[in-house]
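The residues making up each chain are set out below.
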Amino acid sequence: MNPATKDSSGSQASPVPAVILGGSGYVGGELLRLLSGNPAIAPHAVLAESQAGKPIGDLFPHLRAAYRGWQFSDRGALGEIFGRLAPGSKVAIFSAAPHGASAALIDEALRASAGLDAHCVDLSADFRFADASAWARVYGEPHGSPGRLGEFVCALPEHLAGTPTRHVGHPGCFTTSLLLAAVPLLRAGLIEPRLCYVATTGSTGAGRTPGQTTHHPERRSTLFSYQPLTHRHAPEMAALARAAAGLDAAPEVLFVPQAGPFARGIHGTLQVRLTSLAAGEDVLPMLASAYAGSPFIEVRDTMPRLQDVVGSNRAHLGAAVRGDALVVGVAIDNLVKGAAGGGLQWMNRLLGLPESTGLLAPGLGWL
């Protein structure tokens, strides 16, 4: 499906095969879209228990031309799927399975891929905490594979150098947006560790199954907050911000998510106090310096607009200062930078590829 790429010697190399777990949701669909023209990573199999045996193009009509003849598989086929690969060869595993179900499925896939050079990126919340008890406190059930936790690290690629583990847990869309805005400023000591964050997300953030407050017709022409100050991603934000910024204690996170009248994207507003009046002059230069080597982060002198990043793996940041009050605005696509694109960015690094491979397409501009 994908053209061959050149290895370091200049000879033609086959793309790394990718197995997508939980591929029937919106994030799975975005992974398939991003991989359909990827020069270095090619889909090998797509698992979805509820859709097993059905054509991928029936569920994702916009992908029909790219995946003509492809069908979803079930987890019972994992042995056969990995068995088709040569021993020792590289394989990329992405999990877009739901929170609470992903860890056990990943464990099964990693066992089935024994003998291969496998790397996994989990796009659920299952590997965002370092220990099983912390995860269970937030999600209210035992972790699906506690023995695998030490094999994963959770962070944004912009905030963690290298590849300290074979596998990665992606921070998720809301948390990605907050970390991008807050971590460089916390690292530099420019802001107090009390993060007041309001973020508005599109209806795709709630997943494919409609609910009373997530079904798009119920939110198409309205705007409302939900789970203010109690949302389960707030503890993840605090823990990951502490780790990324190298703090002695986790910052206080006061998170208010909002349901927006659009399909995709997150627009966030972070309000914090500066540690000094003079620090206000350093905010934009600090952000620009922190992300100078990051191909997807743009620090602007105006506040970000959601439409400028939708459909891309890019994030736009802007800031406003008055006295010791600082506002940082951030815009990302929840399905790309906040999920599938951010996961592919990590996988590129795990496989030793340029981080931007297959991710440089611009945004949609009009949607």
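Residues numbered from 1 in each chain as written. Predicted model: local features only at pLDDT ≥ 70, side-chain atom pairs only at ≥ 80, totals over all residues. Heavy atoms only, no water.

Thoughts on the overall build of the protein
Thought 1: For the protein, the count of helices and strands is ten helices and 15 strands.
Thought 2: A compact globule built from 367 residues should have a C-alpha radius of gyration of about 21 Å, and the protein, at 20 Å, falls within 12% of that.
Thought 3: Across its three principal directions, the C-alpha atoms of the protein cover 60 × 50 × 45 Å.
Thought 4: Looking at the protein residue by residue over its 367 residues, the buried ones come to 52%.
Thought 5: A separation threshold of at least 6 residues defines the contact pool for the protein, and within that pool the share at least 24 residues apart is 72%.
Thought 6: Per element, the accessible surface of the protein, about 15300 Å² overall, is 53% carbon and sulfur.
Thought 7: A gap of 4 Å separates the mean positions of the 28 positive and 28 negative side-chain charges of the protein. (Helix = DSSP H or I, 4+ residues; strand = E, 2+ residues; numbered from the N terminus. Rg over C-alpha atoms; globule rule 2.2 N^0.38 Å. Buried < 20%, exposed > 50% of the residue type's maximum accessible area, 1.4 Å probe, protein only. Contact = heavy atoms within 4.5 Å. Areas by Shrake-Rupley, 256 points an atom, 1.4 Å probe, with all protein chains shown as cover. Lys, Arg positive; Asp, Glu negative; His and termini not counted. Charge placed at Lys NZ, Arg CZ, Asp CG, Glu CD.)

Thoughts on the sheet that holds strand 3 (residues 16-21)
Thought 1: One open sheet holds the six strands; their spatial order is 4-3-5-6-8-7, and the pairing between them is parallel. Pairing within the sheet leaves two strands with one partner each, and these edge strands are strand 4 (41-46) and strand 7 (152-154). Within the sheet, the average angular offset between the axes of one strand and its neighbour, ignoring direction, is 25 degrees.
Thought 2: Of the strand pairs in this sheet, strand 3 and strand 4 are connected by five bridges, and their pairing is parallel. Across the sheet, Val19 pairs through a bridge with Ala45, a residue of strand 4.
Thought 3: Its contacts with the sheet put helix 1 (residues 26-35) on strand 3, strand 4 and strand 5 (90-95), and the angle it makes with strand 3 is roughly 165 degrees.
Thought 4: Along the sheet, helix 10 (residues 336-350) contacts strand 4, strand 5, strand 6 (117-122) and strand 8 (167-169); its crossing angle with strand 6, the most-contacted strand, is approximately 155 degrees. (Pairing = 2+ DSSP bridges. Axes fitted to C-alpha atoms, helices over the stretch in contact; angles between N-to-C directions.)

Here's the deal with unusual backbone geometry
Thought 1: A positive phi angle, close to 45 degrees, is found at Gln227, a residue other than glycine.
Thought 2: Relative to the elements of secondary structure, Gln227 occurs in the loop between strand 10 (224-225) and helix 8 (233-245).
Thought 3: The exposure class of Gln227 is partly exposed, given its relative accessible area of 42%.
Thought 4: Phi is positive for Leu229, close to 65 degrees, though the residue is something other than glycine.
Thought 5: When you line up the elements, Leu229 lands in the loop between strand 10 and helix 8.
Thought 6: Among the residues examined, Leu229 registers a relative accessible area of 59% and is labelled exposed.

Quick notes on the confidence of the model for the protein
Detailed reading of the predicted coordinates is not advisable wherever pLDDT falls low.
Thought 1: Counting all residues, the mean pLDDT for the protein is 93, and 94% of those residues have values of 70 or more.
Thought 2: Low pLDDT, under 50, characterises residues 1-12; the predicted model gives this stretch 28 contacts beyond four residues in sequence or across chains. (pLDDT = per-residue confidence, 0-100.)

What to know about helix 8
Thought 1: A rise of 1.5 Å per residue sets the reference length of helix 8, with its 13 residues, at 18 Å; its end C-alpha atoms lie 18 Å apart and thus fit the reference within 8%.
Thought 2: Within the span of helix 8, buried status applies to His233, Ala234, Glu236, Met237, Ala238, Leu240, Ala241, Ala244 and Ala245.
Thought 3: Considering only its buried residues, helix 8 is in contact with helix 5 (132-139), strand 7, helix 6 (173-187), strand 9 (194-201) and strand 11 (252-259).
Thought 4: Downstream of helix 8 by a residue or two, Gly246 has a phi angle that is positive, lying close to 70 degrees. (Expected span 1.5 Å × (residues − 1).)

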